[in-house]
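Each chain, letter by letter, is given below.
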Amino acid sequence: MFHKSCKNLLVRGVNWIGDAVMTLPALRVLRKAMPEARISLLVKPWVSPIFEKDPNVDEIIIYGAEYRGIIGKVKLSRMLNKKGFSSAILFQNAFDAAFITFLAGIKERVGYDRDGRGFLLTTAVSVPQDEGKVHQINYYLNLLKQIGVEAEYSEPYIYLSLDERLSARKFLQDMKRPIVGINPGATYGSAKRWFPERFAEVTNWFIKDTNGSVVIFGGRNEVDIAQEIEYLFRRQQSNKTLPPHPPLNKGGQEGGVLNLTGKTSLRELTSLISECDVFVTNDSGPLHIACAVGTPLVAIFGSTDPKLTGPVGYSNVVMSPNLSCSPCFERTCKSNDMRCMYAITSDDVYYGIKKLLPNRPAVFFDRDGTLCRDVGYLNKYDDLQIFTDIDSITLLKERGFKLIGVTNQSGIARGIIEEDFVREVNKIFIERYDFDDFYYCPHHPEEYCSCRKPEPGMLLRARAEQGIDPKRSYVVGDKETDMLLAKAVGAKGILVRTGAAKESVYADFIAKNITEAVDFIIRDSEKG
């Protein structure tokens, strides 16, 4: 069994962007199991930005081009040896991962027994017998389970700084909302790519139907695909015959379409996707990025299997053909007819977008200190003192706002509060004051979860389940974390001086109490 007392752990990450995103839950498991350990991640440079802000990783070691060949591997192993790792866990399946950690003299080397590398591992874990049926996230978690680590499932989450979110929002500020992002490429091969003419058709329908905008994303080697979509879009809009070849990429905005293909770093791509209202994509790295930032997405699968690498979470629509030849897992279509992709129509994808597109405004309320007195850890009814002006929120319902509660309740993880009691108190607000739902985070701050404010996990879940448009919504709370939450999703933040904080540099408005906050929301919403 793996020694969880290890204080200096090396994790060999995987080489593909989508796979890298799917290792994030396993990294979180390792951090929770080994809170005192230093965790270093060895990855290729093109996937390293995924982990840049991740609090579960202490160090990122770049496996760069200088480590190619036998001499390079010896050089890398010597560098790793100097760092004094006592254990290594290999998420990558390759022989190379086991060979390098063996050369580095790392005493404990754990990984799947495959690719002829078992003799180089001190703990060689059998590959799951049902590997062809296991989602890739669970594949990595299973490795940890088999070595005695409690590997609870969670969804991938990429950590973005507030500056990154605000920068992306500013970049898109001139685009009309709603914004749909499209990713028409797929590195693995043409068998995974839906047709440019259908992406163009969906783009045209969306802009005409919603008066919104479309952003095209992709890598440098996918510029030609994006140019073709732009050309076909313009032809469909004009209903005229255009020159047979698309023009050189100008990288600008035209007719509601912004082409950013090949023009973003991976961090920029991630933050821009997080600002989209819906994302349409083939099975590719950006699909998993969209999942990990909580953007609703339509995922198109042809040659691959969504059961293995499909989107997870509560806000996605998967398009997968019901054909005997799919999935085939080929890079190119062997029958040369691409029937799996032809089976997915533009209508199918557009209906998926419409299903996911958020359109309702909401007001998100913190609980303790905002709706009721903050007593530290509310764990008995005798301490529940709901503020007397709470009835004023009915004015918000009358104006079409959904009422959603979002509260951090780390007392559950600390053993101070019973989770059932939290649910019962939240239910009071639903039944007595007509809240549409009430979300809570039960985790300890050191778990670095996606749902603990100011991270936006609770609000993103509410967006998916309630059809909420964050950009038309408000967050009311008594703490700076509530105002940071508002900034993270593009809502307006209102600080109420009924709890912890009296001032905030992030608040859009500071109110004396709930009544004053409600009055501001009504006046502000009537402006637009």
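In this text, all values refer to a predicted model and were calculated from it rather than measured experimentally.

1. Regarding the sheet that holds strand E19 (residues 509-511)
Then, number 1: Pairing in this open sheet of six strands is parallel, and the strands run E16-E15-E14-E17-E18-E19 from one edge to the other. The open sheet has two edge strands with one neighbour each: strand E16 (437-441) and E19. Across the sheet, the axes of successive neighbouring strands diverge by a mean angle of 20°, strand direction being ignored.
Then, number 2: Pairing between strand E18 (residues 492-496) and E19: three bridges, direction parallel. For Val496, the partnering residue across the bridge sits in E19 and is Ala511.
Then, number 3: The strands touched by helix H17 (residues 457-466) are strand E14 (362-365), strand E15 (402-408), E16 and strand E17 (474-477); relative to E16, the strand with the most contacts, the crossing angle is about 150°.
Then, number 4: Relative to E17, helix H18 (residues 480-489) is tilted by about 175°, and along the sheet it contacts E15, E17 and E18.

2. Thoughts on the nonpolar core
Then, number 1: Grouped together as the largest cluster of nonpolar side chains are 63 residues, with contacts concentrated most on Leu9, Leu30, Ile89, Phe91, Leu144 and Phe217.
Then, number 2: Once you skip the residues sitting within four places of it in the chain, Leu9 turns out to touch Phe2, Leu30, Met34, Arg38, Ile39, Ser40, Phe85, Ser87, Ala88 and Ile89.
Then, number 3: If you look at the next biggest cluster of nonpolar residues, it comprises 34 residues, including Leu396, Ile412, Ala517 and Val518.

3. Here we look at the confidence of the model for the protein
Low-pLDDT stretches of the model should not have their predicted coordinates read in fine detail.
Then, number 1: Averaged over all residues, the pLDDT of the protein equals 92, while 95% of them reach at least 70.
Then, number 2: For residues 244-251, every residue scores under 50 in pLDDT, and the model assigns this stretch 17 contacts once sequence neighbours within four places are set aside.

4. Remarks on the environment of Glu164
Then, number 1: Along the chain, Glu164 falls in helix H6 (residues 162-171).
Then, number 2: Put simply, Glu164 and Ser271 are 107 residues apart on the chain and 6.2 Å apart in space, counted from C-alpha to C-alpha.
Then, number 3: When neighbours within four sequence positions are excluded, Glu164 is seen to be in contact with Lys53, Tyr159, Arg267 and Ser271.

5. Comments concerning the sheet that holds strand E3 (residues 59-62)
Then, number 1: Read from one edge of the open sheet, six strands run E3-E2-E1-E4-E5-E6, paired in parallel fashion. Edge positions in the sheet fall to E3 and strand E6 (123-125), since each has one partner strand and no second. Adjacent strand axes in the sheet meet at a mean angle of 20° when their direction is disregarded.
Then, number 2: Across the sheet, helix H4 (residues 95-103) lies against strand E1 (8-12), strand E4 (87-90) and strand E5 (108-112), angled at about 175° from E4, the strand it touches most.

Quick notes on the rules
Residues numbered from 1 in each chain as written. Predicted model: local features only at pLDDT ≥ 70, side-chain atom pairs only at ≥ 80, totals over all residues. Heavy atoms only, no water. Pairing = 2+ DSSP bridges. Helix = DSSP H or I, 4+ residues; strand = E, 2+ residues; numbered from the N terminus. Axes fitted to C-alpha atoms, helices over the stretch in contact; angles between N-to-C directions. Contact = heavy atoms within 4.5 Å. Core = buried A, V, L, I, M, F, W, Y, C linked by side-chain atoms within 4.5 Å. Buried < 20%, exposed > 50% of the residue type's maximum accessible area, 1.4 Å probe, protein only. pLDDT = per-residue confidence, 0-100.

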